[in-house]
Amino acid sequence: MGGDDELTFGQKAALKWAGFKKFMYNKEAGTVMGRNGKAWAQLIGFYFVFYCSLAAFWAAMLTIFLQTVDPLQPTWNSYVSTPALAHIPSFKNGKIEYDLPWKSGSKEADKFTDPMLKIWWKLDPENQTDEVYVEDCPDTINNEKDQRFCRYLREELGDVCVPPHFGYDLGTPCLYVNLNKVWGWVPEPFPEGEEPEGVIVEENRIPITCEGEDSEDDEHILNITVTPSDGISYGYFPYRLGIDQDQQKLYINPIVAIQFNITLNQKVRIVCRPHAGNLKPLPGIFNSDQPVEFVTEFKITSKE
């Protein structure tokens, strides 16, 4: 019968294996994978020249590009031309909501206090002892070319916005507030007669004020305390660091502590603003006509 002439599975496998071995090395033809020595030499030579040329091209392009980059300063600094006001802790949609009594050590509590603890310990005097760089700076702007590393006195934050609870356990939560670092930005005083109404602007300082977003919010604000009350010193500006990570760690971005005492069981929206003569949007990719500020919605619910 015809079926008797069919090869078994083992015979088919043996034939395929023999064919594969012959393809890998054919002793009679003197080829490896279907090519003799001359063909392999031509193929290897072609790809060697091709990839060497490709590497040389990219090396040349990278060299040209690096000529346009200064490791000490950005080539273009109009990407964001003025700093924004930021706060820690920060939450999605700017909402800070929690319940009293305060559950110390809970996951909910830690999400508020852990970011602030990180800042608190960075400001520890023991972390500001580098005698080569760290110095006690005046309030005046640094006009030297080199970056100035100013010592920050942690006691200026007062005795309320401190560990372990930063006022959250008392229903008077705190925020640490600072200006984002923008390379080369230098604060300027207000022109004479253009100071914001109701804001005390000390010489060489950037005050930060907070108020209700509207009159209804103001009714539920019992007190807002900013420490230090005169805001941020000009002495920390400008920020001029390059890519040296050790120096970046030494630089302290100055903060103020803001304590909010508001009516419980109410949603209260509060807007905070820094005040300087040039803290307004300038031409830049991500700038807009909006003022430099942030809005936070508080709701502290008492379940006692």
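Small disclaimer: the values here were computed from a predicted structure and weren't measured.

Student: Can you help me understand the overall build of the protein chain in this one?
Tutor: From N to C terminus, the protein chain includes five helices and 12 strands. Relative to the 2.2 N^0.38 estimate, which gives 19 Å for 304 residues, the radius of gyration of the protein chain is 33 Å and therefore markedly larger than a compact globule would have. Overall size of the protein chain, expressed as C-alpha extent along the three principal axes, is 105 × 55 × 40 Å. Sequence separation of at least 24 residues holds for 77% of the intrachain contacts in the protein chain that already meet a minimum separation of 6. Carbon and sulfur atoms provide 55% of the accessible area of the protein chain, an area that totals close to 19,500 Å². Charge separation in the protein chain, taken as the distance between the mean sites of 28 positive and 44 negative side-chain charges, equals 17 Å.

Student: Help me out: how do you make sense of the nonpolar core in this one?
Tutor: Nonpolar side chains tend toward joint burial in soluble globular proteins. Membership of the largest hydrophobic core comes to 56 residues, with the highest contact counts inside it found for Tyr168, Tyr176, Ile206, Ile258, Phe260 and Ile270. In contact with Tyr176, other than residues within four places in its own chain, are Ala86, His87, Ile88, Met116, Ile119, Trp120, Leu157, Cys161, Phe166, Ile255, Val256 and Ala257.

Student: Would you take a moment to explain the packing of aromatic side chains for this structure?
Tutor: We describe a pair of aromatic rings using the distance from one ring centre to the other and the angle between the two ring planes. One pass over the structure, following the stated rule, counts 19 aromatic pairs. For the pair Phe46 and Phe50, a centre-to-centre distance of 6.3 Å together with 10° between the ring planes defines the contact as stacked. You can see Phe46 and its partner Phe50 sitting in helix H2 (residues 37-66), four residues apart, about one turn around the helix. Classification of Phe50 as partly exposed rests on a relative accessible area of 40%. Centroid distance Trp102 to Phe112: 6.2 Å. Interplanar angle 55°. Geometry classified as tilted. Linking Trp102 in the loop between strand S2 (95-100) and helix H3 (107-122) with Phe112 in helix H3, this pair joins segments that are 10 residues apart in sequence. One aromatic cluster is present, formed by Phe91, Tyr98, Trp102, Phe112 and Tyr168 through successive ring pairs. The residue whose ring lies beneath Arg35 is Trp40, and the NZ or CZ to ring-centre distance is 5.5 Å.

So, how was this worked out
- Residues numbered from 1 in each chain as written.
- Predicted model: local features only at pLDDT ≥ 70, side-chain atom pairs only at ≥ 80, totals over all residues.
- Heavy atoms only, no water.
- Helix = DSSP H or I, 4+ residues; strand = E, 2+ residues; numbered from the N terminus.
- Rg over C-alpha atoms; globule rule 2.2 N^0.38 Å.
- Contact = heavy atoms within 4.5 Å.
- Areas by Shrake-Rupley, 256 points an atom, 1.4 Å probe, with all protein chains shown as cover.
- Lys, Arg positive; Asp, Glu negative; His and termini not counted.
- Charge placed at Lys NZ, Arg CZ, Asp CG, Glu CD.
- Core = buried A, V, L, I, M, F, W, Y, C linked by side-chain atoms within 4.5 Å.
- Buried < 20%, exposed > 50% of the residue type's maximum accessible area, 1.4 Å probe, protein only.
- Phe/Tyr/Trp six-rings, centres within 6.5 Å; stacked < 30°, edge-to-face > 60°.
- Lys NZ or Arg CZ within 6 Å of the ring centre and 35° of its normal.

Remember that the coordinates give geometry; whether it matters functionally is a separate question.
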